[in-house]
Amino acid sequence: MAKIHVNTTINGAPTEFLCDANQTLLDVLRDNLGLTGSKEGCGSGDCGACSVMVNGRLVCSCLVLAPEAQGAKVETIEGMAQGDKLHPLQKKFVEMAALQCGICTPGFLIASKALLQKTPNPTETEVRYWLAGNLCRCTGYDKIVTAVLEVAAEMRESAR
Amino acid sequence: MPRVSYTAPSTVDEAVKALAGATGQTRVLSGGTDLLVQLKSGRARPELIVDAKGIPGLIGIREEADAFVIGAATPGVMISADERLVKAFPGVVEGVDLIGSTQIQGRASIAGNLCNASPAADSVPPVIAARATAVIAGPSGRRQVPVEQIVTGPGQTSLAKGEFVVEFRVPKPKSRQSDAYLRFIPRTEMDIAVVGVGISLTMKGDTVTDARVGLGAVAPTVLLVDKAAKALIGSKLDDAALDAAAAACSAACKPIDDKRGTIKYRTKIAGVLLKRTAMIARDRINGIEHRGHRPV
């Protein structure tokens, strides 16, 4: 069966790839494009480790067909740091040890960034509900939630 | 995943042609949050996937004189963010909002939730209670069907070959009409309904003049429980009327017995949720805000 030719934008860069109709966006990111920051945990949209932004919306890339990326703007964890300069969320996750094994971390970072863009001043409850689709089996979540709340406070402070 | 073709038509006619012309199984792709899982597991083995999202109108919400029109593939996040819908149909919005996580909300649609035909689909009871109709396009043109007539059994719909849902029409609420949806799950988030009740009430003063009840997760399909509605109509939502409506919901149950809820439990809870949703809808009619199921 002929491959499908897809033109898309990934982290601001025009990108094209060939895929099969049954490949997911996550498969293509990892296997075709070498962007292995997005992880496959469950492959069924339960764990959030594959979280990316598609056209400004937080989604599980394991539940997006690769051909759907045609004409879309995709943002992955690889686009979060500016060169060597970590995003405040990345920095805080490291500082506060909001990760242990790290598999879930790219998904948490992408999801947390999306939350702070929408809600710069979230309550703890809002953070917990927003991140309910991201599973972490190491941290017990408290450090992650605290890190997100601290970054939110710092970003509000520096925006003054 | 098995071999499959993908097409993303830009008109309804192209989509119908593709669906009708396929020799094997076809699936319409909206948000894909059920379809992709089924492709991976092998439960769905279509030869053709028709991505409906590129068709104008399939994503979006518009207001007409007598109805809100919700594009079939409109993701939950857009529905929850629509102030007009939140005001007119808070129950529909809370049902949609309960489908999965933030990530799932970025993709999942009412048409997908409906046509996946799970008895536990959270958006379906309130959408049925709201008297929504589905506009279906197919080889012989368009037809409009009450939403409760679409699903015929678990994983089964009444859609014929070549047909797909284009949009939902939700008649605008009358004066003193509101709705509510509650589901019971054994935890606070990310689970499948053990029971779900959607209710729409219309009142004159403190008397119920019209009611609709959609009951989910307790039978092979979501049920429209006329007897529960009848028990409420004409009442002031007094204990006797609520008990009768709750009994009608329990009597309508034909649930499965599983780890999340026994038959006896689901049957009882169906009545409990009927009463609670009626109270919430009444409060909303009287201008008292309710956050429903979620603290945020």
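1. What to know about the overall build of chain A
Along the backbone of chain A there are 5 helices and 5 strands. Reading chain A from its N terminus to its C terminus gives the helix and strand order β-β-α-β-β-β-α-α-α-α. Computed over C-alpha atoms, the radius of gyration of chain A comes to 16 Å, within 12% of the 15 Å expected from 2.2 N^0.38 for 160 residues, which places it in the range of a compact globule. Along the first, second and third principal axes, the C-alpha set of chain A runs to 50 × 35 × 25 Å. Across the 160 residues of chain A, 46% fall into the buried class. The contacts of chain A with a sequence gap of at least 6 include a subset with a gap of at least 24, amounting to 60%.

2. Side note on the interface of chain A and chain B
Taken residue by residue, the interface counts 26 residues in chain A and 28 residues in chain B. Among the secondary structure elements, those contributing two or more residues to the side of chain A that touches chain B are strand S4 (57–60) and helix H4 (124–130) of chain A. Tallied by class, the residues present in the side of chain A that touches chain B amount to 14 nonpolar, 9 polar and 3 charged.

3. Here's the deal with the domain arrangement of chain A
Residue and element names in this part refer to chain A. The domain architecture assigned to chain A consists of domain 1 (4–79) and domain 2 (88–159). One C-alpha centre belongs to domain 1, the other to domain 2; they are set 22 Å apart. In this assembly, 13 residues from domain 1 lie in contact with 11 residues from domain 2. No other element matches strand S3 (residues 51–54), which puts 3 residues into the side of domain 1 that touches domain 2. Here the residues of the side of domain 1 that touches domain 2 sort into 7 nonpolar, 5 polar and 1 charged.

4. Some remarks on unusual backbone geometry
Residues and elements named next belong to chain B. At Ala217, a position not held by glycine, the phi torsion is positive, near 70 degrees. The residue Leu237 is not glycine, and still its phi comes out positive at about 55 degrees. Tracing the backbone through its elements, the reader meets Leu237 in the loop between helix H9 (226–232) and helix H10 (239–252). Leu237 sits in the buried class, given 20 other C-beta atoms within 10 Å.

5. A word on the pairing of S4(A)
With 4 bridges joining them, S3(A) and S4(A) adopt antiparallel strand pairing. In the sheet register, Val52(A) faces S4(A), and the bridge partner there is Val59(A).

6. Notes on the nonpolar core
Residue and element names in this part refer to chain B. Core analysis: the biggest nonpolar cluster contains 143 residues, and Val213 and Cys249 have the highest contact counts within it. Among the elements that make up this core, the one with the highest residue count is helix H11 (residues 263–285) (7 residues). When neighbours within four sequence positions are excluded, Val213 is seen to be in contact with Ala129, Val197, Ile199, Val225, Ala228, Ala229, Cys249 and Leu274.

7. Describing the environment of Gly100(B)
Within the secondary structure, Gly100(B) is located in the loop between helix H5 (90–97) and helix H6 (102–105). Along the chain, Gly100(B) and Asp122(B) lie 22 residues apart, while their C-alpha atoms are 9.6 Å from each other.

Thresholds, definitions, all that
Residues numbered from 1 in each chain as written. Chains lettered and ligands numbered in written order. Predicted model: local features only at pLDDT ≥ 70, side-chain atom pairs only at ≥ 80, totals over all residues. Helix = DSSP H or I, 4+ residues; strand = E, 2+ residues; numbered from the N terminus. Rg over C-alpha atoms; globule rule 2.2 N^0.38 Å. Buried ≥ 20, exposed ≤ 12 C-beta atoms within 10 Å, placed from the backbone. Contact = placed C-beta atoms within 7 Å. Nonpolar A, V, L, I, M, F, W, Y, C, P; charged D, E, K, R; others polar. Domains from an automatic or database assignment. Pairing = 2+ DSSP bridges. Core = buried A, V, L, I, M, F, W, Y, C linked by C-beta atoms within 7 Å.

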